[in-house]
Amino acid sequence: MRLWNLVFSLIMTIIASWNVNSIRVRFNHVKNFLNKVDPDILLLQEIKCLNDEFPSFFDQSKYSAIINGQKAKYGVAIIYKKKIDVQKIKIENEILENQARVQLIHLKSINLNILNIYTPNGNPINDDEKFHFKLKWYDELYNLSKKINFSKEDLLIGGDFNVIENVRDALNFQEWENDALGNIKVRTKFRELCSLGLINLSRIFFKPGQIFSFWDYQRACWERNDGILIDHFLISPKKLQNVRELKYESSFRGLEKPSDHIPFWLKLNV
């Protein structure tokens, strides 16, 4: 039995995601998260720095980084263990690459494409340019995901989707209904993405309203648990059978100078 447990643990893969709202400000929190959870892959959003400004800690540890940075805002990065064979895949799409919001890699060891995304916020909703860019961005994310699906390869999309898909995914949804996160057009775009056959893991492991992933810095939202769920993993059906756990680490929102989002991770037995 002990030998079987050892073998079982060796084939587990942990993939995490976190909108850190500035990697340089939240550097120690990310370091603590890596030590606590020991993920094989960590998808980061809103790193808010250029590539050469990204903390060098990751180059000096068991982790390496693929960075798609942008000065002062946006930016995404993928942290991965150096022992893992990761292939960076170029995304040739003018809309998706208009801002530093997306990355695509292939994880050879488990034959899985991983898409790290930071969806545009889209607010204020009366700003037609910002709101329609968000809708168009979702359209192009759909097209990219569809292309991967049609190639019969498995896909995991993780990150900040900036959408409140279910009315119970907010403590007070009426406050968000006329916001670009709760607007029905955006919610429909998210559902269209899932209609490709991708499974929203938060719906498998939790009931709507059971968990949140974001608490605004204003109005004592964290203290009142006035949160929303906007951070997700979407996964191909074939890989769903391998998902053993999904956890949202809410304790990180209670730290000093926290991100307004919390990290979350899944465990695959592949």
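You'll find the structure just up there.
Residues numbered from 1 in each chain as written. Predicted model: local features only at pLDDT ≥ 70, side-chain atom pairs only at ≥ 80, totals over all residues. Heavy atoms only, no water.

**Let's talk about the overall build of the protein**
Thought 1: Scanning the protein from N- to C-terminus turns up six helices and 12 strands.
Thought 2: When the backbone C-alpha atoms are referred to their principal axes, the protein occupies close to 55 × 45 × 40 Å.
Thought 3: Buried residues in the protein amount to 55% of all 270 residues.
Thought 4: Contacts in the protein between residues at least 24 apart in sequence constitute 68% of all its contacts with a sequence separation of at least 6.
Thought 5: A total accessible area of about 12700 Å² is found for the protein, and carbon and sulfur atoms account for 49% of it.
Thought 6: Separation of charge centres in the protein, based on 38 positive and 32 negative side chains, amounts to 6 Å. (Helix = DSSP H or I, 4+ residues; strand = E, 2+ residues; numbered from the N terminus. Buried < 20%, exposed > 50% of the residue type's maximum accessible area, 1.4 Å probe, protein only. Contact = heavy atoms within 4.5 Å. Areas by Shrake-Rupley, 256 points an atom, 1.4 Å probe, with all protein chains shown as cover. Lys, Arg positive; Asp, Glu negative; His and termini not counted. Charge placed at Lys NZ, Arg CZ, Asp CG, Glu CD.)

**Comments concerning the sheet that holds strand S9 (residues 199-200)**
Thought 1: Spatial strand order, S5-S6-S7-S8-S10-S9: six strands in an open sheet with mixed pairing. Looking at which strands have only one partner, the edges of the open sheet turn out to be strand S5 (86-89) and S9.
Thought 2: Against the sheet, helix H3 (residues 128-150) touches strand S6 (102-107), strand S7 (112-118) and strand S8 (155-160), its axis set at about 175° to S7. (Pairing = 2+ DSSP bridges. Axes fitted to C-alpha atoms, helices over the stretch in contact; angles between N-to-C directions.)

**Points about unusual backbone geometry**
Thought 1: Put simply, Asn123 and Pro124 share a cis peptide bond, and its omega is -5°.
Thought 2: Residue position: Pro124 is located in the loop between S7 and H3.
Thought 3: Of note, the phi angle at Ala220 is positive, near 50°, even though the residue is not glycine.
Thought 4: Summarising the element assignment, Ala220 is placed in the loop between helix H5 (201-205) and strand S10 (231-235).
Thought 5: For Ala220, a relative accessible area of 35% puts it in the partly exposed group.

**Some points on the pairing of strand S12 (residues 264-269)**
Thought 1: Across the six residues of S12, five count as buried, placing the element largely inside the fold.
Thought 2: One ladder, built from six bridges, connects strand S1 (residues 12-19) with S12; its direction is antiparallel. If you follow Ile14 over to S12, its bridge partner there is Lys267.

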